[in-house]
Amino acid sequence: MEGRAVRLMVNPGTRQPMRHVREAHFVVGQGVEGNKNFGSGHRTHRQVLLIDEETLDAVGMQPGVVKENITTSGLDLSSLRPGDVIELGTEVRLQITEPCEPCSRLDEIRDGLQAELAGRRGMLATIITSGIVSTEDRIRVSEPEGLPSE
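Values in this document were obtained by computation on a predicted structure and should not be read as measured data. (Residues numbered from 1 in each chain as written. Predicted model: local features only at pLDDT ≥ 70, side-chain atom pairs only at ≥ 80, totals over all residues. Heavy atoms only, no water.)

**Q** Would you take a moment to explain the overall build of the chain for this structure?
**A** Per the secondary structure count, the chain includes three helices and eleven strands. If you list the helices and strands of the chain from N to C, you get β-β-β-β-β-α-β-β-β-α-α-β-β-β. A globule of 150 residues ought to have a C-alpha radius of gyration of about 15 Å, and the chain, at 14 Å, matches this closely. Judged by the C-alpha coordinates and their principal axes, the chain covers about 40 × 30 × 30 Å. (Helix = DSSP H or I, 4+ residues; strand = E, 2+ residues; numbered from the N terminus. Rg over C-alpha atoms; globule rule 2.2 N^0.38 Å.)

Next comes the structure, spelled out in C-alpha cells:
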C-alpha cells in the first residue's frame, strides 16, 4: 500500500496554530523537530499524528487544523494496526501505536467536530528511524516490527 505526504505541519505550542513546513526532521526518541514536545520524552507513543486528506475534505477542514503532523493522500490509514511500519521518503520509518481518539478541543474548532471525527481522527505513531521528510514524499507500508518500549 502506498500514498504520499501532501502536507507537513509542526505544533509550535499549546493552542497555537500549526505551522506548515516543506520538510521536517523526525528524530528517534525526540519527535518532530519544531513540535512543542520535541526532546521532552513526553508521550513517545504519540510523537506523530497522521490523517488523510480525504477525511479532512469530508469534514471540511484544511490541513493542520486538527493538529496532524502529516496529511496523507492515497493511503488507507484506517487499515493500519498497532505495530505496522510506514516508510516516509527514503529515510524515516514510523511505527503505528494506536488510533487517535478525537478530544473535546476539536469542538473549540467547530461545534460537533469531535463527533464527526470519531473513528477517523487518524493514527498515532512513534519514530523508529530518524531522517528528513519532505512534502510529496512517498509513504509505503512495510513489514511490522515489535512495538518499541517507552
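Continuing now.
**Q** Where do I start with the side chain of Thr 135 in this structure?
**A** Summarising the element assignment, Thr 135 is placed in the loop between strand 10 (131–134) and strand 11 (138–142). Taking the relative accessible area as the measure of exposure, Thr 135 reaches 12% and is therefore buried. Once residues lying within four places of it in the same chain are set aside, the contact partners of Thr 135 are Ala 5, Val 6, Arg 7, Leu 8, His 20, Val 21 and Arg 22. (Buried < 20%, exposed > 50% of the residue type's maximum accessible area, 1.4 Å probe, protein only. Contact = heavy atoms within 4.5 Å.)

**Q** Would you explain the pairing of strand 8 (residues 92–99) in this entry?
**A** Where a strand is regular, its side chains alternate between the two sheet faces. When strand 7 (residues 85–88) meets strand 8, the two strands line up antiparallel, connected through four bridges. Note that in strand 8 the partner of Ile 86 across the bridge is Leu 94. From the end of strand 7 to the start of strand 8, which pair antiparallel, there are three residues, and Gly 89 there has a positive phi angle of about 65°. (Pairing = 2+ DSSP bridges.)

**Q** Any chance you could explain the layout of surface pockets here in plain terms?
**A** The probe, sized like a water molecule, is rolled over the atoms to show the empty space still left. What the largest pocket holds in volume is close to 870 Å³. Mapped by element, the contributors of at least two residues to the lining of the largest pocket are strand 4 (31–32), strand 5 (48–52) and helix 2 (106–109). Ranked by residues supplied to the lining of the largest pocket, first place goes to helix 2 with three residues. Residues that form the lining of the largest pocket fall into these classes: twelve nonpolar, 13 polar and nine charged. Taken as a whole, the second largest pocket spans an internal volume of roughly 210 Å³. As for the second largest pocket, its lining consists of 16 residues, and the residues nearest its centre are Ser 78, Pro 99, Gly 119, Gly 122 and Met 123. (1 Å grid on protein atoms, 1.4 Å probe; cavity = no way out; pocket = protein on both sides within 12 Å on 5 of 7 lines; lining within 4 Å. Points joined across faces, edges and corners; volume = space filled by probe spheres on them. Nonpolar A, V, L, I, M, F, W, Y, C, P; charged D, E, K, R; others polar.)

**Q** Help me out: how do you make sense of the pattern of salt bridges in this one?
**A** Two side chains of opposite charge can pair, provided their charged atoms sit close to one another. Considering all chains together, one arrives at five salt bridges under this definition. Between Glu 136 and Arg 4 there is a salt bridge, with its nearest N and O atoms 2.5 Å apart. With a gap of 132 residues between them, Glu 136 in the loop between strand 10 and strand 11 and Arg 4 in strand 1 (residues 2–10) connect regions that are remote in the sequence. Under the relative-accessibility criterion, Glu 136 is labelled partly exposed at 46%. With a shortest N-O distance of 2.6 Å, Arg 15 and Glu 108 are connected by a salt bridge. Placement of the pair is Arg 15 in the loop between strand 1 and strand 2 (19–21) and Glu 108 in helix 2, with a sequence separation of 93 residues. (Salt bridge = Lys/Arg side-chain N within 4 Å of Asp/Glu carboxyl O.)

**Q** I keep staring at the sheet that holds strand 3 (residues 23–27) and nothing clicks. Help me out?
**A** Within a sheet, adjacent strands bond to each other through the backbone by hydrogen bonds, running parallel or antiparallel. Taken together, the three strands give an open sheet; going across it, the order is 4-3-10, and neighbouring strands pair in antiparallel fashion. Taken across any chain shown, the strands that pair with only one partner, and hence form the sheet edges, are strand 4 and strand 10.

**Q** What is the right way to read the side chain of Thr 71 from this model?
**A** Tracing the chain through its elements places Thr 71 in strand 6 (residues 70–73). Given a relative accessible area of 0%, Thr 71 falls into the buried group. Side chain to side chain, Thr 71 and Glu 68 meet in a polar contact 2.7 Å long. In this view, Thr 71 contacts Arg 4, Ala 5, Val 6, Arg 7, Ile 51, Asp 52, Glu 53, Leu 56 and Pro 63; residues no more than four positions away in its chain are not counted. (Polar contact = N/O pair within 3.5 Å; in protein donor to acceptor, adjacent residues only side chain to side chain.)

**Q** Would you mind going over the state of the cysteines with me for this structure?
**A** Here, the word disulfide means a covalent bond between the sulfur atoms of two cysteines. Following the criterion strictly, the structure yields zero disulfides and no others. The thiol sulfur of Cys 100 is not disulfide-bonded, and the nearest other cysteine sulfur, from Cys 103, lies at 7.3 Å. (Disulfide = S-S within 2.5 Å.)

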